[in-house]
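# Geometric and topological summary
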Protein chains: 2
Amino acid sequence: MPEQNLKMNLNFADRLLAAIDEKKTPLIVGLDPVYENLPPAITGHRELNDDQDLEVAVDAILEYCTRLLKVVAPLVPAVKINSAFFEQYYWYGMEAFHALVQEAAAHGLIVINDAKRADIGNTSERYASATLADPGFASMDDTVGADAVTVNPYMGSDSLAPFIKTAKEFNKGLFVLVRTSNPGAAEIQDANLSDGNPVYQHVGKLVAKWGAEMIGVRGYSSIGAVVGATNPGQLAALRWLLPQTLFLVPGYGAQGGTAADIAKAFKADKTGAIINSSRAIIYAHKSSQYAGMDWQKAVELATLAAKTEIAQALGMS
Amino acid sequence: MPEQNLKMNLNFADRLLAAIDEKKTPLIVGLDPVYENLPPAITGHRELNDDQDLEVAVDAILEYCTRLLKVVAPLVPAVKINSAFFEQYYWYGMEAFHALVQEAAAHGLIVINDAKRADIGNTSERYASATLADPGFASMDDTVGADAVTVNPYMGSDSLAPFIKTAKEFNKGLFVLVRTSNPGAAEIQDANLSDGNPVYQHVGKLVAKWGAEMIGVRGYSSIGAVVGATNPGQLAALRWLLPQTLFLVPGYGAQGGTAADIAKAFKADKTGAIINSSRAIIYAHKSSQYAGMDWQKAVELATLAAKTEIAQALGMS
């Protein structure tokens, strides 16, 4: 069976778990490219060396990410592309975003669109089309959308229903913000409700409820949760509370979460989470550890190092 | 002094209040255009009659909105453009979105970008550039960004700090989701905290705190709140709780909020809120009330009718 058909027939959670097994790691690479941080090998090119020129900056970023995908595609199951870093370049950036999704999909990578959208129902329908569905327009016939999108729960069930419907229709997935990795997350997400539980646990239970209809053969739902690595106690509490929910764990590396912290996102069988690393991998060339190396080699080594660290934390190596 | 300079020197809240005074109404028009609902005068045009063609659909929507702005610009202080309805057309749609912002600004309308963004700090910086700042690229020299953007508070202070910084830098504004107008809003926003108050009031107090540094000469902050018209009791509670916060009130008209409901968003001096109406105005040509009329006339009459209804509810007519 051609890969495309396989993909279309499999529950997103099952696809993601199969990719994790194949690449032997729950590590995923986050693409949030900033022109200023690109290696001189890219920005030094005579056509790509003017960051005040919108199209030049976008071209450089797309070129960098395209080459980076070739390095990481054999090593990790998925990439998370951060929509904001493309949106900042207006429509030029959005065209590059979609080009990058096609590149990643062509490599067989699962693509998570980190867009953190949500609105009232009829607007969320449009966001689900824009961020998750495969495009339905004749002129975009061979274009695919991302495999999953991150969404914000503040507006409740009906604001996410169109995303869930789209995920079902295309065998795709969602990751709902539950407990994020930033310092200010505590202000609302950790506020205690009258039943004694914090808001993030209330939201976690809603995510489990929304996901109950999309459980795959491996026992996980295609509706996952974003849970930061920066608070391991909360990670452990949520892991216990939500046995069928896959966690997308940001905050590993640059944001301060350690490999020991992220181990709490997993069950005893070493399943249950994907761990995102962005800056430590995509800007590896800036680390003294990889000084003087070709940037692609630095990316490869940083990816392998993160894989090893996570495997050790999970007792898998 | 040229208008552009005036604009740049005035606090956003003061600019909005001056525009409300000038147009003698707190009504604003929401642009969330759907191709299927456009009048035959637009979609029947031989170059605009194929909704399966992405570029045709975008051209038709932009043409419609551009003409509609000419009708409503003399009547209302502001328009709210819903980003999702443009994002669904990918980069073609985003180019049209920015073209429409230029059109609205050229008419002297205040433009609210209804994008409901937020992320961790370094990502929110990018979103603040994309959705609110005036573009800083040489090739977009004469392009302006929106005057305000809607943002989601779930991730807390540091997730909104870059939007606040951008708002200060460009004398623009924010509207933070506090209590939205959709049915599912109750699930998280109305959950009671251990102090006996619901989450939305906790968020409301944070909005007042964030806004304290951006109070204009009229006593209102440039950081406002989105508060739905569909629950007048909550609207009244928040009006009392947040005396310096301007409310952006959706849900009037198509979503069920009445003019009597929205009166609770205002103080005794008739200030304190803007009331958004989208579908009842932009699709006025589909109402039996305006059957057989030119669509522009229908839009004009529907806008005037909403203005009258709101003025009556506020005891101003």
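An account of the accompanying structure is given in this report. No experiment lies behind these values; they were computed from the predicted model shown. (Residues numbered from 1 in each chain as written. Chains lettered and ligands numbered in written order. Predicted model: local features only at pLDDT ≥ 70, side-chain atom pairs only at ≥ 80, totals over all residues. Heavy atoms only, no water.)

## Focus on the overall build of chain A
Assigned secondary structure in chain A consists of 14 helices and eight strands. Taking 20 Å as the expected radius of gyration for a compact globule of 317 residues, we find that chain A reaches 19 Å, a close match to that expectation. Dimensions of chain A, computed from the C-alpha atoms along their principal axes, are close to 60 × 45 × 45 Å. Every one of the 317 residues in chain A was classed for burial, and the buried ones make up 61%. Counting every atom, chain A has about 11,400 Å² of accessible surface; 51% of that belongs to carbon and sulfur. Computed over 26 positive and 34 negative side-chain charges, the inter-centroid distance for chain A is 8 Å. (Helix = DSSP H or I, 4+ residues; strand = E, 2+ residues; numbered from the N terminus. Rg over C-alpha atoms; globule rule 2.2 N^0.38 Å. Buried < 20%, exposed > 50% of the residue type's maximum accessible area, 1.4 Å probe, protein only. Areas by Shrake-Rupley, 256 points an atom, 1.4 Å probe, with all protein chains shown as cover. Lys, Arg positive; Asp, Glu negative; His and termini not counted. Charge placed at Lys NZ, Arg CZ, Asp CG, Glu CD.)

## Focus on the sheet that holds strand β7 (residues 247-249) of chain A
Two orientations exist for strands paired in a sheet by backbone hydrogen bonds: parallel and antiparallel. Residues and elements named next belong to chain A. Read around the closed barrel, eight strands run β1-β2-β3-β4-β5-β6-β7-β8, paired in parallel fashion. Neighbour-to-neighbour, the strand axes of the sheet open up by a mean angle of 30°, direction not taken into account. Sheet strands in contact with helix α4 (residues 54-72) are β1 (27-31) and β2 (78-82), and its direction is about 175° off that of β1. Strands in contact with helix α8 (residues 157-170) are β3 (110-117), β4 (148-151), β5 (173-179) and β6 (223-227); relative to β5, the strand with the most contacts, it is inclined by about 145°. (Pairing = 2+ DSSP bridges. Axes fitted to C-alpha atoms, helices over the stretch in contact; angles between N-to-C directions. Contact = heavy atoms within 4.5 Å.)

## Section: the relation of the copies chain A and chain B
One copy of the chain maps onto the second through a rotation around an axis plus a translation along that axis. If you rotate chain A by 180° and push it 0.0 Å along the axis, it lands on chain B with an RMSD of 0.0 Å. The relationship between the two copies is best expressed as a two-fold rotation axis. (Least-squares fit on C-alpha atoms with pLDDT ≥ 70 in both.)

## Some words on the environment of Y283(B)
Residue and element names in this part refer to chain B. Relative to the helices and strands, Y283 resides in the loop between α13 (279-282) and α14 (295-313). Judged by its relative accessible area of 9%, Y283 is buried. It is 7.4 Å that separates the C-alpha atoms of Y283 and V299, two residues lying 16 residues apart in sequence. Once you skip the residues sitting within four places of it in the chain, Y283 turns out to touch D32, P33, V34 and N37.

## Focus: the interface of chain A and chain B
Listed by partner, the interface residues are 67 residues for chain A and 67 residues for chain B. The junction of chain A with chain B conceals about 5,900 Å² of combined surface from both sides, 59% of it contributed by carbon and sulfur atoms. For the chain A face of the interface with chain B, the top three residues by lost area are Y90(A), W91(A) and Y154(A), together amounting to 15%. Counting the contacts that link chain A with chain B gives four salt bridges. D119(B) is the salt-bridge partner of K116(A), the closest N and O atoms lying 2.9 Å from each other. (Buried area = accessible area lost by both parts, 1.4 Å probe. Salt bridge = Lys/Arg side-chain N within 4 Å of Asp/Glu carboxyl O.)

## Overview of unusual backbone geometry
Positive phi outside glycine occurs at N171(A), with the angle close to 50°. Relative to the elements of secondary structure, N171(A) occurs in the loop between α8 and β5. Residue classification places N171(A) among the partly exposed residues on the basis of a relative accessible area of 22%. Within the chain, Y90(B) stands out as a residue other than glycine whose phi angle is a positive 55°. Structurally, the position occupied by Y90(B) is in helix α6 (residues 90-106). Exposure remark for Y90(B): the relative accessible area of 5% places this residue in the buried category.

## Here we look at the pattern of salt bridges
All names here are of chain A. Within this structure, the stated rule accounts for 24 salt bridges over all chains. Of the charged contacts in the structure, one is a salt bridge between D134 and K172, with a shortest N-O distance of 2.6 Å. Of the two residues, D134 sits in the loop between α7 (121-131) and β4 while K172 sits in the loop between α8 and β5, which places them 38 residues apart along the sequence. A relative accessible area of 23% means that D134 is categorised as partly exposed.

## A short note on the side chain of K116(A)
Looking at where K116(A) falls in the secondary structure, it is placed in strand β3. Reaching out from K116(A), the side chain makes a polar contact with the side chain of D119(B) at a distance of 2.9 Å. Excluding anything up to four places from it in sequence, K116(A) contacts T150(A), V151(A), N152(A), L177(A), A118(B), D119(B) and M155(B). (Polar contact = N/O pair within 3.5 Å; in protein donor to acceptor, adjacent residues only side chain to side chain.)

## Focus on helix α10 (residues 199-211) of chain A
Under the 1.5 Å per step criterion, the end-to-end length of α10(A) is 18 Å for 13 residues, consistent within 8% with the ideal 18 Å. Within α10(A) the residues assigned to the buried category are V199(A), Y200(A), Q201(A), V203(A), G204(A), L206(A), V207(A), W210(A) and G211(A). (Expected span 1.5 Å × (residues − 1).)

## Here's the deal with the packing of helix α6 (residues 90-106) of chain A against α6(B)
One can describe the packing of α6(A) onto α6(B) by two numbers: an axis separation of 8 Å at closest approach and a directional angle of 170°. When the axis of α6(A) is compared with that of α6(B), the two are roughly antiparallel. In this structure, α6(A) contributes Y90(A), W91(A), M94(A), E95(A) and H98(A) to the contact, and α6(B) contributes Y90(B), W91(B), M94(B), E95(B) and H98(B). (Parallel < 35°, antiparallel > 145°, perpendicular 65-115°, else oblique.)

## Let's talk about the packing of aromatic side chains
Enumeration according to the criterion identifies 12 aromatic pairs over all chains in this entry. For the pair Y89(A) and F137(B), a centre-to-centre distance of 5.6 Å together with 45° between the ring planes defines the contact as tilted. Taken together, the residues Y89(A) in the loop between α5 (84-87) and α6 and F137(B) in the loop between α7 (121-131) and β4 (148-151) connect one chain to another. Connected via pairs of aromatic rings, a cluster forms that spans Y90(A), W91(A) and Y92(A). Sitting over the ring of F247(A), R239(A) keeps its end group 4.1 Å from the ring centre. (Phe/Tyr/Trp six-rings, centres within 6.5 Å; stacked < 30°, edge-to-face > 60°. Lys NZ or Arg CZ within 6 Å of the ring centre and 35° of its normal.)

## A short note on the sheet that holds β4(B)
Residue and element names in this part refer to chain B. Spatial ordering of the closed barrel is given by β1-β2-β3-β4-β5-β6-β7-β8, a layout of eight strands whose pairing is parallel. Strand-to-strand twist of the sheet, defined as the mean angle between neighbouring strand axes without regard to direction, takes the value 30°. Note that strand β7 (residues 247-249) and strand β8 (residues 273-277) share three bridges and pair parallel. Across the sheet, the residue bridging to L248 is I274, located in β8. Sitting on the sheet, helix α8 (residues 157-170) is in contact with β3 (110-117), β4, β5 (173-179) and β6 (223-227), with an inclination near 145° to β5.

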